[in-house]
Amino acid sequence: MYQYKGLEDTIAAIATPAGQGGIGIVRISGKEAIAMADAVLRLQGAKTLVECKTHTVHHGWAVNAKSGEMIDEVLVTLMRAPKSYTAEDVVEINCHGGMTVLRAVLQAVLNAGARLASPGEFTKRAFLHGRLDLTQAEAVMDVIHAKTENFLRQSQHQLKGELSTQLKSIREELIKLYVMVEALINFPEDGIDAQSRQQILNRISVQEKSVAKLLGSSQSGRILKEGIRIVLCGKPNVGKSSLLNALLKEQRAIVTDIAGTTRDVLEESAQMKGIPISLVDTAGILEPRDLIEQEAVSRSHLYIKSADLVLLVLDHSHPLEEQDRLLMEQIKAARALVVVNKMDLHGKLDISVPKKIFGTEHVIKVSALKAQSIQDLEAKIVESILKDKNFDTHGILISNIRHIKALDEAQKNLQDACRLMNENTSLEFISEELKAAVNQLDAITGRNIDEDLLDRIFSEFCIGK
Ligand SMILES: Nc1nc2c(ncn2[C@@H]2O[C@H](COP(=O)(O)OP(=O)(O)OP(=O)(O)O)[C@@H](O)[C@H]2O)c(=O)[nH]1
Ligand SMILES: [Mg+2]
């Protein structure tokens, strides 16, 4: 691990979000944290934190050290190194939750000698002191940004170090293999017979499969983290906006019996079975009457193109029209479901046509108005999102692009190693591939990472974390 120089300073920041709240916290971490806190605190009983035990809470006042003027009544938590978030001495001052108060307390701490922390610097210190590895540090941010409980659960697994444990076991086996191959290179007189060669090949192949399994989870990991975009399309008046409202369970889009009610794209967030969904209602206009409608139509097409899943809405109470056929033709290559809406009305639509184009299992009848079969539609949506994907929320899901890239490289190295073994290539080349694969795994956990990359990772954190 590289030596980071910034650890000498004591850092401070407001750890709670900007705005008003019940409480707000100013966090201080570093060698001088306790002394600096003492400089701005007047604790009850005239005690100082220096004399207090770790993991204790104290009542008192934050003051302007120069003027002695009181800033706020506070509760102070003391956590001595190494049992703290950063593994350094940490003091957290719980103030009233207003920005003016918090800024004044923070300023007092800075006046006492602390440096303003940069984004993610507290977590970075936890990493640099070896309390967390990089996957765990990144999981901290994932926990904060989790959009669904499902993803939160995943991030908690990673925060506990479950990904690191899996990577460690792959790494250990690769190191053993590397040492073995190096020994064979250095003591060629011992030679390597075909059987040993095959054994090494098998063992590399087992590790390649473990990496492949982790990588295989990345599609569902990304879905769980970022969600997917579902776009509703269909000709005017078929009930797209009504369906959006039914799926959201609130009256979000305007619904009328006038064709061309929706004149712009409307995007709303929802969740289906723990997956974050962005639902997009588009304008059904087919023949734009003016510039605004023209723009709406071209936007609708862009959204349809970018959709992870398209819901083509048809009207059960009308026979299929040319416009429906055109739309079916346009989206048949995309991942799509056909929703035959208005099933509460007398049916005039020949449902066999969409069934033939999209397959029976991709066509579903609902009534947005009467909320009939909406749950069945949700189940179908989830099924088609997760189709062909390894989606096991109890196992480890890879969702971080950085991890995906490194695992991808490691997999290539291991595949190359297997291929070279098969081709009876000189062992030096196998050894190189094994070393490169280990380096990729080490980059994920942060064992060997350059300072720039580290700074980039932590700069995406919030201040105070
Ligand atoms: N009977 C019945 N009427 C429905 C159903 N869904 C929608 N409607 C009615 O159909 C009309 C059009 O609904 P919208 O949701 O505005 O249709 P749209 O596809 O968004 O229309 P545009 O925005 O104009 O493209 C309204 O009068 C709705 O009340 C349904 O399931 N059954
Ligand atoms: Mg509409």
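For every chain, the first residue of the written sequence is number 1, and numbering continues from 1 along that sequence. Each chain is given a letter, starting from A, and each ligand a number, starting from 1, according to the order in which they appear as written. At least 70 in pLDDT is required for a residue's local features to be given in this predicted model, at least 80 for side-chain atom pairs to be given and counted, and no such filter applies to totals for whole chains, interfaces and linings, which use all residues. Side-chain numbers come from the whole structure's heavy atoms, not from hydrogens or water.

1. Here's the deal with the domain arrangement of the protein
In plain terms, the rule: All domain edges in this entry derive from an automatic or database-based domain assignment.
Split by domain assignment, the protein resolves into domain 1 (5-130), domain 2 (140-217 + 397-446) and domain 3 (227-386). The C-alpha-based centres of domain 1 and domain 3 are spaced at 53 Å.

2. Considerations on the nonpolar core
Let me state the cut-off plainly: Put simply, a nonpolar core is a bunch of buried Ala, Val, Leu, Ile, Met, Phe, Trp, Tyr and Cys residues held in one set by side-chain atoms that sit within 4.5 Å of each other. With a 1.4 Å probe rolled over the protein chains alone, any residue whose accessible area is under 20% of its type maximum counts as buried; one over 50% counts as exposed, and the rest are partly exposed. Secondary structure elements follow DSSP: runs of H or I of four or more residues count as helices, runs of E of two or more count as strands, with numbering from the N terminus.
Of all hydrophobic cores here, the largest spans 31 residues; its most connected members are L174, I204, L214, L407, I430 and L434. The set of elements that each furnish at least two residues to this core consists of α6 (162-186), α7 (194-216), α14 (401-422) and α15 (427-445). The greatest single-element share of this core, amounting to nine residues, is contributed by α14.

3. Re the coordination of the magnesium ion (ligand 2)
Here is the rule we go by: Ligating atoms shown are N, O and S within 2.8 Å of the metal, or 3.2 Å for Na, K and Ca, and water is not included, meaning a site may look less than complete.
In this structure, S241 (OG) and T262 (OG1) serve as the protein donors to the magnesium ion (ligand 2), at separations of 2.0 to 2.1 Å. You can see S241 sitting in helix α9 (residues 240-248) and its partner T262 sitting in the loop between α9 and β9 (266-272), a full 21 residues away along the chain. On the basis of relative accessible area, S241 is assigned to the buried category, the value being 7%.

4. Some words on the side chain of E268
Test applied: Contacts described as polar in this section are N or O atom pairs within 3.5 Å, which, within protein, must combine one atom able to donate a hydrogen with one able to accept it, while residues neighboring in sequence count only if both atoms come from side chains.
As for its position among the elements, E268 is in strand β9. For E268, a relative accessible area of 17% translates into the label buried. Among the polar contacts listed, one links the side chain of E268 to the side chain of R252, at a separation of 2.7 Å.

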